[in-house]
Every structure is written in C-alpha cells, then in structure tokens.
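Below, each chain spelled out in residue letters.
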Amino acid sequence: RSAGIIGAPFSKGQSRGGVECGPDRIRAAGLLDRLQQLGCAVKDYGNLTFEDIAVDEPVRGSKNVRAVGSANQRLSEAVQAVKKDGHTAVMLGGDHSLAIGSIHGHTAAVGPLSVVWVDAHADVNTPLTSYTGNLHGQPMSYLLYELQSKVPVLPNFSWMKPCLSSQDLVYIGLRDVDPAEHYILKLLGVKVFCMSQVDQLGVARVMEETCDYLWNRAKKPIHLSYDIDAIDPLITPATGTPVVGGLTYREGLYITEHLCQTGLLSAVDLVEVNPLRGRTEDHVHSTVSTAVDLLLGCFGRLREGNHLPNYSLP
Ligand code: DIR
Ligand code: MN
Ligand code: MN
Ligand code: MN
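Residues numbered from 1 in each chain as written. Chains lettered and ligands numbered in written order. Predicted model: local features only at pLDDT ≥ 70, side-chain atom pairs only at ≥ 80, totals over all residues. Heavy atoms only, no water.

**As for the packing of aromatic side chains**
Within this structure, the stated rule accounts for three aromatic pairs. Aromatic pair Trp-117 and Tyr-171: ring centres 6.5 Å apart, planes at 65°, arrangement edge-to-face. Taken together, the residues Trp-117 in strand 4 (residues 114-118) and Tyr-171 in strand 5 (residues 169-172) connect sequence positions 54 residues apart. The exposure class of Trp-117 is buried, given its relative accessible area of 0%. Owing to a relative accessible area of 0%, Tyr-171 belongs among the buried residues under this scheme. Centroid distance Tyr-142 to Phe-157: 5.2 Å. Interplanar angle 20°. Geometry classified as stacked. (Phe/Tyr/Trp six-rings, centres within 6.5 Å; stacked < 30°, edge-to-face > 60°. Helix = DSSP H or I, 4+ residues; strand = E, 2+ residues; numbered from the N terminus. Buried < 20%, exposed > 50% of the residue type's maximum accessible area, 1.4 Å probe, protein only.)

**Some details on the sheet that holds strand 1 (residues 2-8)**
The strand order 2-1-3-8-7-4-5-6 describes an open sheet built from eight strands, whose pairing is parallel. What marks the edges here is a single partner per strand, and that holds for strand 2 (41-47) and strand 6 (191-193). Within the sheet, the average angular offset between the axes of one strand and its neighbour, ignoring direction, is 15°. Sheet contacts for helix 9 (residues 249-261): strand 4, strand 5, strand 7 (222-227) and strand 8 (265-271); angle to strand 7, the most-contacted strand, approximately 170°. (Pairing = 2+ DSSP bridges. Axes fitted to C-alpha atoms, helices over the stretch in contact; angles between N-to-C directions. Contact = heavy atoms within 4.5 Å.)

**Notes on the coordination of the manganese ion (ligand 2)**
Bound to the manganese ion (ligand 2) on the protein side are His-96 (ND1), Asp-119 (OD), Asp-123 (OD) and Asp-227 (OD), at distances that span 2.0 to 2.2 Å. Mapped onto the sequence, the residues coordinating the manganese ion (ligand 2) show the spacing H-x22-D-x3-D-x103-D. A separation of 3.2 Å is found between the manganese ion (ligand 2) and the manganese ion (ligand 3), which share Asp-119 as a coordinating residue. Here His-96 is found in the loop between strand 3 (88-93) and helix 4 (99-110), whereas its partner Asp-123 is found in the loop between strand 4 and helix 5 (139-143), with 27 residues between them in sequence. Take His-96: its relative accessible area is 0%, and that puts it in the buried class. The class for Asp-123 is buried, based on a relative accessible area of 4%. (Donors = N, O, S within 2.8 Å, 3.2 Å for Na, K, Ca; no water.)

**Focus on the packing of helix 8 (residues 203-215) against helix 9**
Remark: helix 8 packs on helix 9, axes separated minimally by 10 Å, with the N-to-C direction vectors making an angle of 35°. Judged by the twist between their axes, the crossing of helix 8 over helix 9 is right-handed. In contact with Val-203, Ala-204, Met-207, Glu-208 and Cys-211 of helix 8, helix 9 contributes Glu-251, Tyr-254, Ile-255, His-258 and Leu-259. For the contact of helix 8 with helix 9, the per-class residue count stands at seven nonpolar, one polar and two charged. (Left-handed = near helix turned anticlockwise from the far one by under 90°. Nonpolar A, V, L, I, M, F, W, Y, C, P; charged D, E, K, R; others polar.)

**Focus: unusual backbone geometry**
Of note, the amide linkage connecting Gly-93 to Gly-94 takes the cis form, showing an omega dihedral of 10°. Among the structural elements, Gly-94 can be located in the loop between strand 3 and helix 4. Phi is positive for Asp-123, which is not a glycine, with a value near 50°. Phi at Glu-272 takes a positive value of approximately 75°, unusual for a residue other than glycine. Assignment of secondary structure puts Glu-272 in the loop between strand 8 and helix 10 (281-298). Classification of Glu-272 as buried rests on a relative accessible area of 2%.

**Topic: the layout of surface pockets**
Here the largest pocket defines a volume of roughly 330 Å³. If you trace the largest pocket, you find 21 residues lining it, with His-121, Thr-132, His-136, Gly-137 and Thr-241 closest to the centre. In terms of residue class, the lining of the largest pocket is built from one nonpolar, twelve polar and eight charged. If you trace the second largest pocket, you find it lined by Ser-141, Tyr-142, Gln-148, Val-151, Pro-152, Val-153, Leu-154, Phe-157, Ser-158, Met-160, Lys-161 and Pro-162. For the lining of the second largest pocket, a count of residues per class yields eight nonpolar, three polar and one charged. (1 Å grid on protein atoms, 1.4 Å probe; cavity = no way out; pocket = protein on both sides within 12 Å on 5 of 7 lines; lining within 4 Å. Points joined across faces, edges and corners; volume = space filled by probe spheres on them.)

**Observations regarding the site of ligand 1**
By nearness alone, every residue bordering ligand 1 is listed as His-121, Asp-123, Asn-125, Thr-132, His-136, Gly-137, Asp-178, Glu-181, Asp-227 and Thr-241. At 3.4 Å, a side-chain N or O of His-121 approaches an oxygen atom of ligand 1. Here His-136 contributes a side-chain N or O atom positioned 3.4 Å from a nitrogen atom of ligand 1. For ligand 1, the protein covers 94% of the area, taking 310 Å² as the surface of the free molecule. Placement of ligand 1 is best described as lying within the largest pocket. Its residues placed into classes, the shell around ligand 1 shows no nonpolar, six polar and four charged. (Near = heavy atom within 4 Å. Polar contact = N/O pair within 3.5 Å; in protein donor to acceptor, adjacent residues only side chain to side chain. Areas by Shrake-Rupley, 256 points an atom, 1.4 Å probe, with all protein chains shown as cover. Sits in = over half its atoms within 2 Å of the grid points.)

**A closer look at the packing of helix 9 against helix 10**
Viewed as axis vectors pointing N to C, helix 9 and helix 10 meet at an angle of 25°, and their least axial separation amounts to 7 Å. Comparing their axes, helix 10 and helix 9 come out roughly parallel. For the crossing formed where helix 9 meets helix 10, the hand is right-handed. Contacts between helix 9 and helix 10 pair Tyr-249, Gly-252, Leu-253, Thr-256, Glu-257 and Cys-260 from the former with Thr-290, Asp-293, Leu-294, Gly-297 and Cys-298 from the latter. Of the residues in the contact of helix 9 with helix 10, the class split is five nonpolar, four polar and two charged. (Parallel < 35°, antiparallel > 145°, perpendicular 65-115°, else oblique.)

Quick look at the structure:
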C-alpha cells in the first residue's frame, strides 16, 4: 500500500481559528515516518493553498459559502490526482466542510463509493435547516443525490454535483444531531450506529454490520471520513465542537483497523483537529497523537505488533 497525503489548511467551514493548523501538527507528530516504518510508501503532496475571497457575504444564513466552494474545488482536483497516481488518499483537515471536495474528487477518480462517516455530528444540515450557518455542519447534504432538491444553488458550487446514494453511507458515533438532521436521516433511512448502538452492540459488531450493510449492494471502494470529535473529548479535546460521551481510544482505533483489513479503504479524511482549542499542551498532544494513531490504523498498524515482510533475525 501507499499513502498520498494532502494537507488542507482550511477553516472557513466553521468559526474557530486554529483548525487550519491541523495538517502541519499531524505531520510534525511524525505521521510520514511512522507510515514508512510500517512499510507503507508515502508521497506528501504538501498543503493546498486557497483562493482569497474578498467579499463573501452569507447566503441564506450560511457563512463563507464562496470560500468553501472554491477550496473544495481545489481539493477535489487534488484528490483526483492522488487517486490517479495510485495511492490511498489521505486528506488532513481543516474542517469537515472539506469532505465535499474529498468525496467528490474520490468518486470522480474511482466511481461510486461506500462512505463511513465517523463523527459526533451528522453534518447533513442543508443551508436552509442549519442553525449555525457553518458549512462544516452541512457537507453531506451537498453530496447526497436524495437531497439535491432541498439544497439551493450556491455560488462557487457549480463545479460539483451530488455523487453519493444514502444507501452507500453509514454513520458511526453520532450523539449531537439537530432535529432537521434527525428527520433527514429517518426520511432517507440512513444506516446510523449512534453512540447508543455502540454501547449496545460493541464496536466489533458495529463494524461487522457496517460492512455487511455496505456490501449488500456491491463491494465498492471505501471512503472513511473521520471527524476527530467522534472520539471522547477526554482523549481528543482539541477540536472545535467537542461533545461528551464519545468513542473510546480503543473503539476509535478498532474502526480503522477493521476498515483497513477489508482491503477496500481507498481514501481517508482526518478533520477538525484544532491545536488552538486544547487548554494545555497535553490536550493538544493527546488529540494530535490520537489522530496519527487512527491514520496508522488505516494503513495496517496492528496493536499486536508489526514487522516488515523482509525482516530477518540478526
Ligand atoms: C451543528 C454542529 N449541527 C451545525 N455541527 C458540527 O453547525 O450544523 N459539525 N459541529 O461538525
Ligand atoms: Mn464533522
Ligand atoms: Mn463533528
Ligand atoms: Mn465539526
């Protein structure tokens, strides 16, 4: 396997500064070296730069719509290039509005996907249902075919079209879902393993059922979109919208290990790491090192230990 890493230092899908520092902090924690130690080839495509948009007035209450549209167009192209080079794409955010470009670009390169969305939040508000006007709470509504008629045409979004069926989506870790989002999830019959189901079934059964459900139609490449706020804020506090009662470190890691061993993992987003939201340096360190561990889990790191295939005893 090989990883193609894209840094996306973008924060305008929400209002808290600092999440644009995520990619560099995750790299500084040793992601590339540690992937290589696993025997994984790594190509770092560097950080994207984003168009400066002077006037970006709210559109129907949603903020920075033009900046988010433009940034995601660039990200979509970058993900397509990484997939054409044959790598598993790794997008380091940045906020979760970046899933628009990441999933769009991934689909454009490889065709229909299965998406596993690990998050405290459903991120399926439309611009018309959002209370906050933050695009990081809306990306799934732009991506789903079934919501096309409910999403107004927005400036700088004409490059993209919905590319995901609600039957090819599974959520894990939800515990902070707005009423309109809950209505949408029920209306579309989306498969959700909220935290109650993780409690009830255990994470191993959740992952078995996730894959059974997704593979019922066809085995498609998997896109994992991992919001660090899915993990309990006792472990990953340095994030913009922490919610109590999240996944443990072990549950969070198990999700990545299970998806890795399917052999179908084709792209990963790791988003919403915000070093400025940690109250102490320990909080930031714990958040960033958990993010690195989740990514290593996606590329075959095992808790039992690993060794390279050409290892020979001295
Ligand atoms: C809320 C919070 N549902 C919103 N969403 C967050 O802004 O739409 N998503 N924090 O990550
Ligand atoms: Mn999210
Ligand atoms: Mn979230
Ligand atoms: Mn968020």
